[in-house]
Amino acid sequence: MSDFSPAELLELFQRAQASFTDRVDAVEPGQWEDPALPGWSVADLVAHVVSEALLVAPLLDGEPHEMLDGRFPDGTEDLLGDDPLTGWETAADAALTAFAADRALLHTVHLTRGPTSAAEYIEQLTADLTVHSWDLARATGGDTDLDPVLVTASLVVAGRLPMDGIPGVFAAPLDVPPTASPQTRLLALVGRRG
């Protein structure tokens, strides 16, 4: 069960999308091949977020995740095209439209890990966008200060993660002092040192 109302979930998701958009817009032409995460360039990171956004509408329509393989481009260049900002904004708009549809947040989506409420799914995507905004800013020398409202909401989601992380998705949490800032605690919960 979500800790937020449907209106709050949509507002948080839209805020997280705007935060990521600001970071994509700030990427300089020569930075797209710079490292962002282990094994991922800046372009790969943005393409990952684009691919996640493209999945929202079919998942909300009831299609299982495993049936969506091959439906969308899978290479970074194919996902981003000649204009990564436009590629991201187009995918982001489609995802927001799908979540904003009447009663969409009452649906169940079928992810690789099993059935998940759409409310939990949008929470997870909001947290993912928030953390990836930080990843992108760190990789490009941008603004790494995250929106405190998004940090607070993302801490709720990150607090549900397994204690050993999720292999291939999130590293195991890092130790930080209890007096650490909320942003530092969030980043530590997903295996990042802020």
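Everything here concerns the structure above.
This report concerns the structure included in the present document.

How each quantity is defined
- Residues numbered from 1 in each chain as written.
- Predicted model: local features only at pLDDT ≥ 70, side-chain atom pairs only at ≥ 80, totals over all residues.
- Heavy atoms only, no water.
- Helix = DSSP H or I, 4+ residues; strand = E, 2+ residues; numbered from the N terminus.
- Contact = heavy atoms within 4.5 Å.
- Axes fitted to C-alpha atoms, helices over the stretch in contact; angles between N-to-C directions.
- Parallel < 35°, antiparallel > 145°, perpendicular 65-115°, else oblique.
- Left-handed = near helix turned anticlockwise from the far one by under 90°.
- Nonpolar A, V, L, I, M, F, W, Y, C, P; charged D, E, K, R; others polar.
- Phe/Tyr/Trp six-rings, centres within 6.5 Å; stacked < 30°, edge-to-face > 60°.
- Buried < 20%, exposed > 50% of the residue type's maximum accessible area, 1.4 Å probe, protein only.
- Core = buried A, V, L, I, M, F, W, Y, C linked by side-chain atoms within 4.5 Å.

1. Some details on the overall build of the protein
- Counting secondary structure elements, the protein contains seven helices and four strands.
- Going residue by residue from the N terminus, the α and β elements of the protein occur as α-β-β-α-α-α-β-β-α-α-α.
- Taken along the three principal axes of its C-alpha coordinates, the protein extends 40 × 40 × 30 Å.
- In the protein, 66% of the contacts between residues at least 6 apart in sequence involve partners at least 24 apart.

2. Quick look at the packing of helix H2 (residues 42-60) against helix H5 (residues 118-140)
- The N-to-C vectors of H2 and H5 enclose an angle of 165 degrees; their axes lie 10 Å apart at closest approach. Comparing the axis directions of H2 and H5 gives the class roughly antiparallel. Here the hand of the crossing between H2 and H5 comes out left-handed. Along the contact surface, H2 presents Val42, Leu45, Val46, His48, Val49, Glu52, Leu55, Val56, Leu59 and Leu60, while H5 presents Ala118, Tyr121, Leu125, Asp128, Leu129, His132, Asp135, Leu136, Ala139 and Thr140.
- Among the residues forming the contact of H2 with H5, the class breakdown is 14 nonpolar, three polar and three charged.

3. Comments concerning the packing of aromatic side chains
- Following the criterion strictly, the structure yields three aromatic pairs and no others.
- Seen in terms of ring centroids, Phe99 and Tyr121 are 5.7 Å apart; in terms of plane orientation they differ by 55 degrees. Their pairing is tilted. With Phe99 in helix H4 (residues 84-100) and Tyr121 in helix H5, this pair connects stretches of sequence that are 22 residues apart.
- The buried category is assigned to Phe99, whose relative accessible area is 1%.
- Feature note: the residues Phe13, Phe99 and Tyr121 constitute an aromatic cluster, connected by ring pairs.

4. With respect to the nonpolar core
- Grouped together as the largest cluster of nonpolar side chains are 47 residues, with contacts concentrated most on Trp88, Phe99 and Tyr121.
- Looking at this core, the elements that each hand over two or more residues are helix H1 (6-25), strand S1 (35-37), H2, helix H3 (76-80), H4, strand S3 (108-111), H5 and helix H6 (148-158).
- Among the elements that take part in this core, H2 stands out by supplying twelve residues, more than any other.
- Setting aside residues no more than four positions away along its own chain, Trp88 makes contact with Gln17, Phe20, Thr21, Val24, Val49, Val50, Ala53 and Leu129.
- In this structure, Val131, Trp134, Leu155 and Leu187 belong to the second largest nonpolar core, which totals eleven residues.

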